[in-house]
Amino acid sequence: MRTKKLLTTVAVAASMMLAFTGCAQSANNANAGGGGDTGSAISIAFSEGGTTLDPAEANDGTSDTLVLAAYDQLVTYGTKEEDGKRVSDTATIEPMIASEWEVDDTNTVYTFTIRDDIEFQSGKKLTADDIVKSFEHIKASASASFLYEMAGIDSVEKTGDYEVKITLTAPNHLFLQIIPMYSFSIIDMDVVEENGGAEWLKQNTAGTGPYILDSWDPASEAKLHVNDKYWGEAPDIEKVNLKFIGDASNRLQLISKGSVDMALEIAPKDLEGLDGKDGVVVDSRPSNKVLFFAMNNNIAPFDNEKVRQAVTMAIPYDKLLTDVMKGQASEMRSSVASSTPGWTDKGNQAEHNLDKAKELLAEAGYPDGFEFDFTLGSGFPDWNDDAVLIQAELAKIGVTMNIQNMARAQFLDALAEKNVQAYISRWTSFVNDPGYHLGLLLVDSGTSNYANYDNARVNELWAEAATEPDADVRNKLYGEMQEIINVESPWGYLYEYNIAVTHRDNLEGYTSYPDGLVRFAQLSKTD
């Protein structure tokens, strides 16, 4: 077997074919400098308190953020400067718990060398056994098991005290991009078992990360302190307090008064005029988070392509961007965000054109329109405003949209049943790759394909792209997929969100990632 040694950073576009060298670095420490005060503390206002601390089951912003603070992963994403701001570079994979790795000629066998100087927060030394056990936990999980499968992992074996071999079912360009996700955190499973198993892990942490959780009450707050024995570069911020405040106006008030150092999920209308006011910085950046109007392809009349196209012609795109998002979003023209490799808007003919919408409805056999149920999940004010505007425009072409409000948790349960007729949903692809995004949302087997979109050629292209090592060839396949989807219109494309974070002007080091999560260890304060 010929091996190719990988050290330091790996450009994923060429990762399966090339070798690299360098030193290990923690993602959580990738930008941790800045001259802040050692021993400082920060407070951050979140909209909700999270649901679980189990890395493999976490699936909301707060839970995910806490996991990233308390755990490390085998490898991590790189970062880079872009327009004077620090951003993630997810095409570049860097060492973390693994100091280096090799891939064989078949691009299916990866051998990772594990650092021998890492201790869990329990004091136990991390070894290859912990990698194997953690991956077993991920494989058996309810939430992250689909990522395990999407990464194409066939087996994970210990080949030495500090060496692990991961074998894939086939070459898979997503493998190295998926395993840096928080879901693939390395856990002290011995501690978990000593405390009764996975149920304990929902309320406690057992990682090697830069912070240790002191307390967590999802209804009010969480507190963390720095891990003094952290193997990587020590964070500047010693204590982190999370405040869980559901009312957006209250979060706005706290950041405006300086009562918190950072506030998340501030409504776009409230961001206007806030930047620079009373020491507040609004850090707003384009993202790959998208919002779409989904029509269930299995339920009439949305099983008719012309009906779906008619609806896309009735959406008032400009009003959504200006009246609702107040400039905190941009046009969406394809099923993946415009920042995604291989993006194309070929085939997309959607525009706000009510005359064309009426023509399409007549061609589809609905000259007098129709009536349908639209399910609106709670929690996001822009969704409500979008729905009202779309409802008004559809009425102009004879279509009655009955808005049925639903609590967030019930809404998610209803989507999972895949029988909601129409809905608005947003999506952030933590792995900025069309294969990841389309595979989850618009391939027939996709776990989040709640609109039941199913095109045989699209499914075939996705499977072909999954094992294609050449990025240019792969992106052409993904481009063809997008063109078909754009024509068949299972979704109306509403917009691409900006990620907007508000913070005090003495807080530095914020780095944006596709997952939109804050890495506390990258932050520092200047006074």
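Scroll up to find the structure this text is about.
Residues numbered from 1 in each chain as written. Predicted model: local features only at pLDDT ≥ 70, side-chain atom pairs only at ≥ 80, totals over all residues. Heavy atoms only, no water.

### Some thoughts on the nonpolar core
Next up, step 1: Core analysis: the largest hydrophobic core is formed by 128 residues, its most contacted members being Phe112, Phe135 and Phe293.
Next up, step 2: Ranked by size, the runner-up nonpolar core spans 26 residues in total, among them Phe46, Ala69, Trp216 and Val518. (Core = buried A, V, L, I, M, F, W, Y, C linked by side-chain atoms within 4.5 Å. Buried < 20%, exposed > 50% of the residue type's maximum accessible area, 1.4 Å probe, protein only.)

### Side note on the pairing of strand S9 (residues 163-168)
Next up, step 1: Sheet analysis places strand S7 (residues 109-114) next to S9, joined by 5 bridges and oriented antiparallel. By the bridge assignment, tyrosine 110 is partnered in S9 with isoleucine 166.
Next up, step 2: Bridge count between strand S8 (residues 153-160) and S9: 6 bridges; the pairing is antiparallel. Bridging from a neighbouring strand, isoleucine 153 pairs with leucine 168 of S9.
Next up, step 3: Here S8 hands over to S9 after 2 residues, the two strands then running antiparallel side by side. (Pairing = 2+ DSSP bridges. Helix = DSSP H or I, 4+ residues; strand = E, 2+ residues; numbered from the N terminus.)

### Some thoughts on the pattern of salt bridges
Next up, step 1: According to the stated counting rule, one finds 23 salt bridges in the structure shown.
Next up, step 2: Put simply, lysine 269 and aspartate 270 hold a salt bridge, and the shortest N to O gap is 3.5 Å.
Next up, step 3: Between glutamate 393 and lysine 396 there is a salt bridge whose closest N-O contact spans 2.8 Å.
Next up, step 4: Here the residues in one salt-bridge network are Lys124, Asp130, Lys133, Asp188 and Asp190, joined through shared partners. (Salt bridge = Lys/Arg side-chain N within 4 Å of Asp/Glu carboxyl O.)

### Points about the packing of helix H14 (residues 434-441) against helix H16 (residues 471-488)
Next up, step 1: Put simply, H14 and H16 touch, their axes get as near as 11 Å, and they point 40 degrees apart. For the element pair H14 and H16, the recorded crossing hand is left-handed. Across from Pro434, Gly435 and Leu438 in H14, the residues of H16 making contact are Asn475, Tyr478, Met481, Gln482 and Ile485.
Next up, step 2: Of the residues in the contact of H14 with H16, the class split is 5 nonpolar, 3 polar and no charged. (Axes fitted to C-alpha atoms, helices over the stretch in contact; angles between N-to-C directions. Left-handed = near helix turned anticlockwise from the far one by under 90°. Contact = heavy atoms within 4.5 Å. Nonpolar A, V, L, I, M, F, W, Y, C, P; charged D, E, K, R; others polar.)

### Here's the deal with the side chain of asparagine 288
Next up, step 1: Tracing the backbone shows asparagine 288 in strand S14 (residues 280-295).
Next up, step 2: A polar side-chain atom of asparagine 288 sits 2.9 Å from the main-chain carbonyl oxygen of serine 429.
Next up, step 3: In terms of polar contacts, asparagine 288 uses its side chain to reach the side chain of asparagine 432, at 3.2 Å. (Polar contact = N/O pair within 3.5 Å; in protein donor to acceptor, adjacent residues only side chain to side chain.)

### Quick look at the layout of surface pockets
Next up, step 1: Each pocket or cavity is described by its volume, and for the second largest pocket that value is around 760 Å³.
Next up, step 2: In terms of lining residues, the second largest pocket is bounded by 30 residues, among which Lys80, Ser88, Thr90, Ser339 and Asn432 are the most central.
Next up, step 3: Every element with two or more residues in the lining of the second largest pocket is listed here: strand S4 (75-82), strand S5 (85-95), S14, H16 and strand S19 (491-504).
Next up, step 4: Per-class residue counts for the lining of the second largest pocket are 11 nonpolar, 10 polar and 9 charged. (1 Å grid on protein atoms, 1.4 Å probe; cavity = no way out; pocket = protein on both sides within 12 Å on 5 of 7 lines; lining within 4 Å. Points joined across faces, edges and corners; volume = space filled by probe spheres on them.)

### With respect to empty space enclosed by the protein
Next up, step 1: By the definition in use, this model includes 2 cavities of 30 Å³ or more.
Next up, step 2: By volume, the second largest cavity amounts to about 30 Å³.

### Some words on helix H12 (residues 381-395)
Next up, step 1: Spanning 15 residues, H12 covers 22 Å between terminal C-alpha atoms, matching the ideal 21 Å at 1.5 Å per step.
Next up, step 2: By the burial criterion, the buried members of H12 are Asp382, Trp383, Asp386, Ala387, Ile390, Glu393 and Leu394. Viewed along the axis of H12, the buried residues span an arc of 130 degrees, placing them on a single side of the element. In H12, the exposed positions that point more than 90 degrees away from the buried face belong to Pro381 and Ala395. (Expected span 1.5 Å × (residues − 1). Arc of directions from axis to C-beta.)

### Thoughts on the packing of aromatic side chains
Next up, step 1: Scanning the entire structure with this criterion turns up 19 aromatic pairs.
Next up, step 2: Here tyrosine 110 and phenylalanine 175 contribute two aromatic rings whose centre-to-centre distance is 4.7 Å and whose plane-to-plane angle is 50 degrees, an arrangement assigned as tilted. With tyrosine 110 in strand S7 and phenylalanine 175 in helix H4 (residues 175-178), the pair connects residues that are 65 residues apart, well separated along the chain.
Next up, step 3: The class for tyrosine 110 is buried, based on a relative accessible area of 1%. (Phe/Tyr/Trp six-rings, centres within 6.5 Å; stacked < 30°, edge-to-face > 60°.)

Just geometry here; none of it tells us what the structure is for.
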